[in-house]
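# Descriptive analysis of the structure
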Amino acid sequence: MATASESKGPDSKDGTWNGRELKSILATDCGSTTTKAVLIEKRGDEYRLVVRGEAPTTVEAPFEDVTRGVLNAIMEIEELAGRKILDGERIISPQNGTEGVDIYLSTSSAGGGLQMMVTGVVKAMTGESAERAALGAGAIVMDIVASNDGRLPHEKVRRIRDLRPDMILLSGGIDGGTKTHVVELAEIIAAADPKPRLGQAYKLPIIYAGNKDATAEVKERLGSKTDLVVTDNIRPSMELENLMPARHKIHDLFMEHVMAQAPGYRKLMSWSPVPIMPTPAAVGNIIERVAKERHMQVVGVDIGGATTDVFSVFQGVFNRTVSANLGMSYSVSNVLAEAGLANVMRWVPFSIEESDLRNRIKNKMIRPTTIPQTLEELQIEQAISREALRLAFQQHKALAVGLKGVQQERTISDTFEQTASGETLINLLGLNLLVGSGGVLSHAPRRVQSAWMMLDAFLPEGVTDLAVDSIFMMPQLGVLAEVSTKAATDVFVRDCLIYLGSSVSVIGRGKDGQKCLKATLDLPGGKKEFDLNFGTMQIVPLDVDQTAEAVLEPAQGFDVGAGKGKSLKATLKGGVVGLVFDCRGRQPFALPESHDERIKKFTEWSGALGAYPGLARS
Amino acid sequence: MAHSYTPGLRVTERARVVKTRRLPLKGQVVVKKGDKVTAETVVARTELPGNVQPVKAASIMGVHQQDLLEYMLKKEGDPVQKDEVIAASKSFFGLFKSQVKSPCTGTVESISPVTGQVILREPPIPVEVHAYIDGVVTEVIESEGVVVEASGAFIQGIFGIGGETTGELVMAVDDPATELTDDLLKPEHRGKVVVGGSRVTKQTIARAKELGVRAVVVGGLDDQDLKSILGYDLGVAITGHENLGTTVVVTEGFGRMTMAGRTFNLLRKLVGKKVSVNGATQIRAGVMRPEIVIPLVAAAGEDAPEGENLGLQIGSPIRVIRMPHFGWLGEVVELPPELRALETEAMVRTLKVKFQDGSEAVLPRANVEAIET
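Residues numbered from 1 in each chain as written. Chains lettered and ligands numbered in written order. Predicted model: local features only at pLDDT ≥ 70, side-chain atom pairs only at ≥ 80, totals over all residues. Heavy atoms only, no water.

A count of helical and extended segments in chain A gives 19 helices and 26 strands. If one aligns the C-alpha atoms of chain A with their principal axes, the spans along those axes are about 70 × 65 × 55 Å. Buried positions account for 59% of the 618 residues belonging to chain A. Across chain A, every contact between residues at least 6 apart in sequence was considered, and the portion connecting residues at least 24 apart equals 68%. Entry remark: accessible area of chain A is about 23,600 Å², with carbon and sulfur atoms responsible for 49%. (Helix = DSSP H or I, 4+ residues; strand = E, 2+ residues; numbered from the N terminus. Buried < 20%, exposed > 50% of the residue type's maximum accessible area, 1.4 Å probe, protein only. Contact = heavy atoms within 4.5 Å. Areas by Shrake-Rupley, 256 points an atom, 1.4 Å probe, with all protein chains shown as cover.)

Encoded structure:
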């Protein structure tokens, strides 16, 4: 008989499952529209992607059974790999000779993903901690109800009732602190008596992760009306945030309640020995593990049709945000609404009437599956994507912060630095790897367009490696990491990412044409020196898997990471684009204000990068 | 044969229109299977729980929360009238010192000695669901609602604002390229569903509202006008809840767009009929488009075909739904199986189309929609 730890299938660095070596892994991600399957095999010492297949997701009518789409995607894998995996509608497992796979895993965001509401006493403190816990668990946070959010109690009641979340995370108060406010929040939820979004046959799951002293009162108010689960306080004290117990409970309840209600999920759950993970949680998982294992600071972004997810790991702290209405099709019009016309227009390299641009964007919103046919239309979409990414990253920076409300002991020297509590953890100069995924970045006709969009939107500083996840297999790798970190990271590094190359971005402002950087690169063909002027962009070709030792000497007043005017030694990595030198300045980054000058510069940069057809790289 | 499936908007003279009319909460269905109903018939009703009004009773009386129960004159479940005293504190001499009055008529939902709050619930809010179309009740969903079916014409728009309404169909223009200007709307259009041509402006919609026009059906609308009409920049296409007075259905898209001839001609053919219109649009998974339903008595009982879509094939009529040929009609002449490069260099599935003027173009398959026949 298997022991508890064996049956859970402990993560193992060498890729074993229940003591048996994993030779083949099949993983699916059931998205809202497409179910994507990947087959991974161990080849020698390494795990590699063999093939991928996809099929439309079948959660909605007429099929209403997610497993249909999964089977279709697996059948495509069988065809492409020339290997039998299915026996009728059963996955053959473990692998037997050349048939079957050793393990099957899945993630899911079908049916709108996990939609949650969170509460806290003070919005910027426990409210924000609850939001971070829910987002980190892969949820969409529909609203934060806080004692001090300015709404009257009956307005809060109506809001809870109208939103119909899948789950509520009830937090508030520190352990040993006042109980009144968090109990009041429980009373508001009890009065709203919310009904779950999917199915009326079960009670709404509520996770209580607030002041432990108020547990009895909360149970009294919500115990019979809802499916109440109590876990550790997410903010046991002002100085401490403890999100993991709440995140685990969210995952458990997501499986037991929300997923189990979706059509076909009970069957799907029975196929895998590992719980189905919400897709964004899986993506966060792989990014977090890779960042920690390789001691890197990473930002990842996934820009979709409706939402943009941003993930980061800085100082070992993982954060995730979802910008629910920033996307490239369903939400494209909202990007314009939030960014404002002028911000979108600044990236459009030609003249266009406001009314024309507005109508084009709205027409994309109402016909979201159409694609740009002309170069002009492509440039408009890429202009919008820069703003969607910029806004999503701005929201991320605002949430990925240190704890607010913490008293900091200061010395006299700190008064000059003014590092307030609640300061963002995102340090662009320390960013090692920026990974982009989602249609507009993964399928840009030229890879350099993706690099350029990311540079404009995220404004990395100093040396940063750029990559795209071209086939978006991070979700599958995230759930695989639960079983084998080695298998997941092997495939992530070798097959998942397409390295675009290192970027070098100069901090500081100067006059156009002023010398700002001297770069001495030890390239495969020999040592070369480059003198770069302010206001320019340049590419130096360097292939994937090649590196160049570089000495970067910024001119006086400019900085590439070692301080103003100080030289920096760095190892630059090649990629499908090459090394990108961005000398347009930072802090602040500014585009020319004059319309004609801006278009002239844009054309110049486009030529230097070889970004668009008709403009050869100069 | 190579083919692809690109569904278009439904524009058909004979369709079986099936509408599920469901209550937001369980309640009472007031019609039965087989009943003939009109759009205005109430088919189900229920009561939504009343709003909640919390009262900080302990702090009003200046007493400790834990002692609240001692001062309550009402207990949980008791009915209360507006301004009725629900709690009172006493002085040493037995005189009332301070009172808590109910801010509403309703019942006492809960009394909390932890927060010192009394939660009052207002009376239930009655909700009625109408049939929305003239038809026959074909199914009763116990305690939840009904399914109403009708045979008739069915036209989907691409985008709309405003909710369900009904009225007699009238034409305000003679051809689909004419713009629906405010001078074309007349007092006799009150209570009617007015069909315009290529575009409607905010001025015309304001005039329609003023005249009491129930709905306007047009080819296009400028986004700048939409922003003025709504009072905000619409970010995500989830509409139908706007309280405009006049429902708007756009059949082609944003900008000045000549209404598709097929849609215009069908509407013209049905002038004088009673129609049901809904502007509600949801563009996300489980897409919902605005619609015009015209139940036809002559077609009643006929089991109209559902319009099986075999996908795009050589000879299929299509409409282009993106620049640079937006709105053009044509016929598929080639469906190459391999991916081909666009001007953008993107490699995509394409098709060759012959337009009505005889010219030809290669377009991404994603940028055309099949015109259902």
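After that view of the structure, there is still more to cover.
Moving on, we come to the interface of chain A and chain B. One widely used convention gives an interface's size as the accessible area the parts lose upon coming together. Counting residues at the interface gives 46 residues for chain A and 58 residues for chain B. For the pairing of chain A and chain B, the buried interface totals around 4,400 Å² over both sides, and the portion due to carbon and sulfur atoms is 53%. Of all residues in chain A, I366(A), R367(A) and Q373(A) give up the largest surface area on contact with chain B, accounting jointly for 18% of the area buried on that side. Applying the counting criterion to the chain A and chain B interface returns ten salt bridges. Among the salt bridges present, the one from D223(B) reaches R358(A), with a minimum N-O distance of 2.7 Å. Across the contact surface, chain A and chain B share 26 residue pairs in polar contact (both at pLDDT 80 or more). Looking at the side of chain A that touches chain B, the elements that each hand over two or more residues are helix 4 (153–163), helix 5 (180–192), helix 6 (215–222), helix 10 (332–339), helix 12 (354–366) and helix 13 (375–399) of chain A. Looking at which element gives the most residues to the side of chain A that touches chain B, the answer is helix 12 of chain A, with ten residues. Broken down by class, the residue content of the side of chain A that touches chain B amounts to 15 nonpolar, 14 polar and 17 charged. (Buried area = accessible area lost by both parts, 1.4 Å probe. Salt bridge = Lys/Arg side-chain N within 4 Å of Asp/Glu carboxyl O. Polar contact = N/O pair within 3.5 Å; in protein donor to acceptor, adjacent residues only side chain to side chain. Nonpolar A, V, L, I, M, F, W, Y, C, P; charged D, E, K, R; others polar.)

Moving on, we come to the domain arrangement of chain A. Residue and element names in this part refer to chain A. As assigned here, chain A comprises domain 1 (19–110), domain 2 (113–266) and domain 3 (298–402 + 423–609). In this structure, domain 1 and domain 2 have C-alpha centres spaced 35 Å apart. Across the boundary between the two partners, domain 1 contributes nine residues, which contact six residues of domain 2. With both sides pooled, the region where domain 1 packs onto domain 2 buries about 540 Å², and carbon together with sulfur makes up 57% of that total. For domain 1, the biggest contributors to the area lost against domain 2 are V59, V66 and S108; these three give 55% of the whole. In this assembly, domain 1 and domain 2 are joined by zero salt bridges. Summed over the shared surface of domain 1 and domain 2, the result is two residue pairs in polar contact (both at pLDDT 80 or more). Looking at the side of domain 1 that touches domain 2 residue by residue, the class counts come to four nonpolar, three polar and two charged. (Domains from an automatic or database assignment.)

This part covers the pairing of strand 25 (residues 350–355) of chain B. Residue and element names in this part refer to chain B. Bridge analysis of strand 22 (residues 329–334) against strand 25 gives four bridges, and the strand direction is antiparallel. Within the sheet, the bridge partner assigned to V332 lies in strand 25 and is V353. Linking two consecutive strands that pair antiparallel, namely strand 25 and strand 26 (residues 360–364), is a turn of four residues; a positive phi of about 95 degrees is found at G358 within it. (Pairing = 2+ DSSP bridges.)

Residue and element names in this part refer to chain A. Pairing in this open sheet of eight strands is mixed, and the strands run 17-16-15-18-19-20-26-23 from one edge to the other. Lying at the two open borders of the sheet, with one neighbouring strand each, are strand 17 (317–323) and strand 23 (537–540). Neighbour to neighbour, the strand axes of the sheet diverge by 20 degrees on average, direction disregarded. As defined by bridge partners, strand 20 (residues 497–505) adjoins strand 26 (residues 579–582) across three bridges and the pair is classed as parallel. (Axes fitted to C-alpha atoms, helices over the stretch in contact; angles between N-to-C directions.)

All right, on to unusual backbone geometry then. A cis amide bond, omega 5 degrees, links S93(A) with the succeeding residue P94(A). Residue placement: P94(A) occurs in the loop between strand 7 (90–91) and strand 8 (103–108). Along the chain, Q587(A) connects to P588(A) via a cis peptide bond; the corresponding omega equals 0 degrees. With a phi close to 55 degrees, Q315(A) is a non-glycine residue in the positive phi region. Relative to the helices and strands, Q315(A) resides in the loop between strand 16 (308–314) and strand 17. The class of Q315(A) is exposed, set by a relative accessible area of 60%. The backbone phi angle of D83(B) is positive, close to 70 degrees, even though this residue is not glycine. Position of D83(B) among the secondary structure elements: in the loop between strand 6 (79–80) and strand 7 (85–90).

The next point concerns the packing of aromatic side chains. Residue and element names in this part refer to chain A. Inspection of every chain in the model, using the stated rule, returns eight aromatic pairs over all chains. Put simply, the rings of W452, F602 and Y612 touch in pairs and so form one group of aromatic residues. In this arrangement the basic side chain of R584 is found over the ring face of W605, its NZ or CZ atom lying 5.0 Å from the centre. (Phe/Tyr/Trp six-rings, centres within 6.5 Å; stacked < 30°, edge-to-face > 60°. Lys NZ or Arg CZ within 6 Å of the ring centre and 35° of its normal.)

This next bit is on the packing of helix 4 of chain A against helix 5 of chain A. All names here are of chain A. Here helix 4 crosses helix 5 at 55 degrees, and the two axes come no closer than 9 Å. Judged by the inter-axis angle, helix 4 sits oblique to helix 5. With respect to the hand of their crossing, helix 4 and helix 5 are arranged in right-handed fashion. Every residue of helix 5 that contacts helix 4 at P153, K156, V157, I160 and R161 is listed here: I188, I189, A191 and A192. Here the residues of the contact of helix 4 with helix 5 sort into seven nonpolar, no polar and two charged. (Parallel < 35°, antiparallel > 145°, perpendicular 65-115°, else oblique. Left-handed = near helix turned anticlockwise from the far one by under 90°.)

Residues and elements named next belong to chain B. In this structure, R121 sits in strand 10 (residues 118–121). Owing to a relative accessible area of 11%, R121 belongs among the buried residues under this scheme. Here the side chain of R121 touches E109 through a polar contact of 2.7 Å, side chain to side chain.

For the rest of this paragraph, the subject is the domain arrangement of chain B. Taken domain by domain, chain B consists of domain 1 (52–121), domain 2 (158–289) and domain 3 (317–370). The centre of domain 2 of chain B, based on its C-alpha atoms, is set 28 Å off from the matching centre of domain 3 of chain B.

Within the secondary structure, N363(A) sits in helix 12. Look past the residues within four positions of N363(A) in its chain and what remains in contact with it is G253(B), F254(B), M257(B) and F326(B).

Let us look at the sheet that holds strand 5 (residues 52–55) of chain B. Residues and elements named next belong to chain B. The strand order across the open sheet built from four strands is 5-10-9-6, with neighbouring strands paired in antiparallel fashion. Each edge of the open sheet is held by one strand with a lone partner, namely strand 5 and strand 6. Relative to strand 9 (residues 106–111), strand 6 runs antiparallel, the two sharing two bridges. Of the residues in strand 9, the one forming a bridge with V80 is G106.

Residues and elements named next belong to chain A. Scanning the model with the defined rule gives 72 salt bridges over all chains in all. Between K156 and D149 there is a salt bridge; the shortest N-O distance is 3.7 Å. By relative accessible area, K156 is classed as buried at 5%. Residues E387 and R346 are paired through a salt bridge, measuring 2.9 Å at the closest nitrogen-oxygen approach. One end of the pair, E387, is in helix 13; the other, R346, is in the loop between helix 11 (341–345) and helix 12, with 41 residues separating them in the sequence. Residue E387 is classed as buried on the basis of its relative accessible area of 0%. Residue classification places R346 among the partly exposed residues on the basis of a relative accessible area of 22%.

Before going further, it helps to spend a moment on the confidence of the model for chain B. Parts of the model with low pLDDT should not have their predicted coordinates read in detail. All names here are of chain B. Across chain B, the average pLDDT comes to 88, with 91% of residues at or above 70. Put simply, strand 8 (residues 96–101) is where chain B has its lowest mean pLDDT, 82, and strand 16 (residues 192–195) is where it has its highest, 98. Note that pLDDT drops below 50 for residues 1–6; the model gives that stretch 21 contacts with residues more than four away or on any other chain. In the model, residues 299–309 has pLDDT below 50 throughout and makes 18 contacts with residues more than four positions away in sequence or in other chains. (pLDDT = per-residue confidence, 0-100.)

Now for helix 7 (residues 244–261) of chain A. Because each turn of an α-helix spans 3.6 residues, side chains separated by three or four positions end up pointing in the same direction. Here helix 7 of chain A spans 25 Å end to end across 18 residues, near enough to the 26 Å set by a 1.5 Å rise per residue. Considered for burial, the residues of helix 7 of chain A that qualify are P245(A), A246(A), R247(A), I250(A), H251(A), L253(A), F254(A), M255(A), H257(A), V258(A), M259(A) and A260(A). (Expected span 1.5 Å × (residues − 1).)

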